[in-house]
Amino acid sequence: MTARVLIVDDLELNVKVLAAKLTAEYFDVITAMSGTAALEAIERENPDIVLLDVMMPDMDGVEVCRRIRADSKMMHLPVVMVTALSEPADRVRGLDAGADDFLTKPVDDAALLARVRTLVRLKSMMDELRLREETSSKLGLEANDEPLRDRDLSGALILAVEDDPTDAAVITDALSSAYTVVVEADGERALTVARERPFDLVIVSLLHAQADGLRVCSKLRALEETRHHSLLALLREDDTESLIKALEIGVNDYIVKPIDENELFARTRTQIRRKLYQDRLRDNYRERIAMAVTDPLTGLHNRRYLLSHLANLVARAGKGGKPVAVAMIDIDHFKAVNDSWGHLVGDAVLAECGARIKLGIRGVDLAVRYGGEEFVVVMPDTGSDDANLVAERLTRSISGSSIAVSHDVKKVEITVSAGVAVVNGADDNAEALLQRADDALYSAKRGGRNRVVMAG
C-alpha cells in the first residue's frame, strides 16, 4: 500500500536520506524543515502519516504532535517520532503527546517501512469509518466526533499472554490500577479466553516459551470475535524479523523487553483509546444507518446512502488522487424468475445475490441494492484492474451455483452482468461515475450477458 508521507526534520541531510528510502519504496514524499511548516503542510497536503523529528528550533516535535492531536481535522493522523533521543522518559513524553510510535536513530529500514505501512493501513480503515459517520450526519443522523483524549477508559479489559512470571507481574503492576488485567500463560487457553470476553487490548509475548506468539497474534486477527481487538507485542530489542512479521500480521504496537512500566502504560492507553473510538464509530454506524439507509430485503445499503457516500468518496479521490471504482451488477432475465415462480421466490433470489456480493468484498467496500434487481459495489482505493477482478469474481460467485429458495422450488439458476467504472480526474462526480458503470453494464447485456465490461 502506497501513501503520502510527510518528513519533518530541520537537518536537510536527514530529510534527504529518509526521503530517498521511502521514495524507493514508492511512497509519495513531502517534506518540512520546521514544526510550523509541518502544521502548514498537513493542512495543505493532507498526508497519510508524519515522520517527525523531536529536536527542532522553532517548535519541537512533541509540541507539534500535541497540536496535531488537539485539532479535530488532524487528530487521527498517524505520527511517528524519529529521533536520536533514546531514554525511556523521552519515549514516554512523545507517547503522552499522542505519538503512535517513537523510533530511535539509527532506525532499521525494514522496521521503519513495516511500521509506516501498518499505520497507513490503520488510517485507511479509520478514514473509511469516519467518512461513513460523516455520511450519516449529512443524512440527518447525529454524529459524535469525540476526541480520542476525552474518552473514559475506565472498565477497559486487558488480556496478557505471558508465561514469564516476572514479566507478568510487571504488566499487572503497571496496568491494574487503571484497567482490569487478565494474565494467561497458556497460548491455546488464551485464544479461548479472548473469544469469551470483550477485551480492549491483548498483550502477547513473542518470547513465550511454550507458544508461538506470532501464531497467537495471527489467530486473534483471524477469529471473528477477536479481529478488532488491539494487539501489543512484547519482544527483544534486536529481533527485527519478529517485529516486521508482527506488524504484517496486524499487531498494532509493540514494546521491547525489559519492560519499562511507564512506556507500557502510555502505549496501552493509546491503544485502548483508539480501540474504543473505533468501536464507537462501528456501533454508531450500525445503529444510525440500519433503519434509514438499509434495504430491508437484502440487508445491504440502499440507493439513498450510496448517492451521499459515493459523492464524498469521489470528492476525496479528486483531492488526494486515490482511485475509487464502482461495479454495477444486474441479474439477467430477472423478470422471468418472477413470472415463472412468483415474487416470493424472486425476493429470495435477490436476498441470496446480496449475501453473495457482501461475502465477496472487503470490509471497506460498500455493497448496495440500487433498485429492483440491480446492485452496486463501491471500492475505495481500487484501480481499474483490481476492480475488474473483483467484478469477475462476484459474477462467478453468483452465477456459478444455483440458488435454493424453497421446498416447492428447489433451485433457481441465474446469471448476472456487470459494468465497472473508475473515477476519472478531479472534475469527476458520483452521478457521472454511476452513469459510466451503467453504460458498461448495458454493453455487457448487449454482448450476451453473464459477463463484465469495463467503462471506456
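Refer to the structure printed above.
The sections below set out a description of the structure shown in this document. (Residues numbered from 1 in each chain as written. Predicted model: local features only at pLDDT ≥ 70, side-chain atom pairs only at ≥ 80, totals over all residues. Heavy atoms only, no water.)

**Focus on the overall build of the protein chain**
Part 1 of the reasoning: What the protein chain contains, in helices and strands, is 15 helices and 16 strands.
Part 2 of the reasoning: Viewed in the frame of its principal axes, the protein chain has a C-alpha envelope of about 75 × 50 × 40 Å.
Part 3 of the reasoning: Residue pairs in contact within the protein chain that sit at least 24 positions apart in sequence constitute 68% of those at least 6 positions apart.
Part 4 of the reasoning: When the accessible surface of the protein chain is summed, it comes to about 20,400 Å², and 49% of that surface belongs to carbon and sulfur atoms.
Part 5 of the reasoning: Of the side chains in the protein chain, 58 bear a positive and 75 a negative charge, and the two mean positions are spaced by 4 Å. (Helix = DSSP H or I, 4+ residues; strand = E, 2+ residues; numbered from the N terminus. Contact = heavy atoms within 4.5 Å. Areas by Shrake-Rupley, 256 points an atom, 1.4 Å probe, with all protein chains shown as cover. Lys, Arg positive; Asp, Glu negative; His and termini not counted. Charge placed at Lys NZ, Arg CZ, Asp CG, Glu CD.)

**Looking at the environment of Ala-190**
Part 1 of the reasoning: Looking at where Ala-190 falls in the secondary structure, it is placed in helix 7 (residues 187–196).
Part 2 of the reasoning: By relative accessible area, Ala-190 is classed as buried at 2%.
Part 3 of the reasoning: Put simply, Ala-190 and Val-204 are 14 residues apart on the chain and 9.6 Å apart in space, counted from C-alpha to C-alpha.
Part 4 of the reasoning: In contact with Ala-190, other than residues within four places in its own chain, are Leu-159, Val-161 and Glu-184. (Buried < 20%, exposed > 50% of the residue type's maximum accessible area, 1.4 Å probe, protein only.)

**Let's talk about the pairing of strand 12 (residues 324–331)**
Part 1 of the reasoning: Most of strand 12 sits inside the fold, with 8 of its 8 residues counted as buried.
Part 2 of the reasoning: Residue alternation in strand 12 divides its side chains into two sets, Val-324, Val-326, Met-328 and Asp-330 and Ala-325, Ala-327, Ile-329 and Ile-331, and both sets are buried.
Part 3 of the reasoning: The sheet contact formed by strand 12 and strand 14 (residues 374–380) spans 7 bridges and is antiparallel. Looking at strand 14, one finds that Ala-327 is bridged to Val-377.
Part 4 of the reasoning: Looking at chain direction, strand 12 and strand 15 (residues 416–422) are connected through 7 bridges and run antiparallel. The residue bridging Val-326 from the neighbouring strand is Ala-421, located in strand 15. (Pairing = 2+ DSSP bridges.)

**With respect to the layout of surface pockets**
Part 1 of the reasoning: Approximately 510 Å³ is the volume found for the second largest pocket.
Part 2 of the reasoning: As for the second largest pocket, its lining consists of 25 residues, and the residues nearest its centre are Leu-103, Thr-104, Glu-237, Tyr-254 and Val-256.
Part 3 of the reasoning: Mapped onto the lining of the second largest pocket, the elements with two or more residues apiece are helix 4 (88–96), strand 5 (101–104), helix 5 (109–138), strand 9 (230–236), helix 9 (240–249), strand 10 (253–257) and helix 10 (261–293).
Part 4 of the reasoning: Among the elements that make up the lining of the second largest pocket, the one with the highest residue count is strand 5 (4 residues). (1 Å grid on protein atoms, 1.4 Å probe; cavity = no way out; pocket = protein on both sides within 12 Å on 5 of 7 lines; lining within 4 Å. Points joined across faces, edges and corners; volume = space filled by probe spheres on them.)

**Points about the sheet that holds strand 4 (residues 79–83)**
Part 1 of the reasoning: Spatially, 2-1-3-4-5 is the arrangement adopted by the 5 strands of the open sheet, whose pairing is parallel. Looking at strand neighbours, the two that pair on one side only are strand 2 (28–32) and strand 5, the edges of this open sheet. Neighbour to neighbour, the strand axes of the sheet diverge by 20 degrees on average, direction disregarded.
Part 2 of the reasoning: In the sheet, strand 3 (residues 49–52) pairs with strand 4 via 3 bridges, with the strands oriented parallel. Counted as the bridge partner of Val-50 is Val-79 from strand 4.
Part 3 of the reasoning: Helix 1 (residues 12–24) contacts strand 1 (4–8), strand 2 and strand 3 of the sheet and is inclined by roughly 165 degrees relative to strand 1. (Axes fitted to C-alpha atoms, helices over the stretch in contact; angles between N-to-C directions.)

**So, the packing of helix 8 (residues 213–222) against helix 9**
A pair of packed helices is characterised by two quantities: the angle between their axes and the separation of those axes.
Part 1 of the reasoning: With their axes 9 Å apart at the nearest point, helix 8 and helix 9 run at an angle of 10 degrees to one another. By the angle between their directions, the pair helix 8 and helix 9 is classed as roughly parallel. Judged by residue contacts, Leu-214, Cys-217, Ser-218 and Arg-221 of helix 8 engage Ser-242, Lys-245, Ala-246 and Ile-249 from helix 9.
Part 2 of the reasoning: In terms of residue class, the contact of helix 8 with helix 9 is made up of 4 nonpolar, 2 polar and 2 charged. (Parallel < 35°, antiparallel > 145°, perpendicular 65-115°, else oblique. Nonpolar A, V, L, I, M, F, W, Y, C, P; charged D, E, K, R; others polar.)

**As for helix 1**
Part 1 of the reasoning: If you check helix 1, its first and last C-alpha atoms are 18 Å apart, about what 13 residues at 1.5 Å a residue would give, namely 18 Å.
Part 2 of the reasoning: Here helix 1 has its buried residues at Val-15, Leu-18, Ala-19 and Leu-22. Relative to the axis of helix 1, the buried residues are bounded by an arc of 105 degrees and lie together on one face. What points out from helix 1, more than 90 degrees from its buried face, is the exposed set Leu-13, Lys-16 and Ala-24.
Part 3 of the reasoning: Directly after helix 1, the chain includes Tyr-26, whose backbone phi takes a positive value near 70 degrees. (Expected span 1.5 Å × (residues − 1). Arc of directions from axis to C-beta.)

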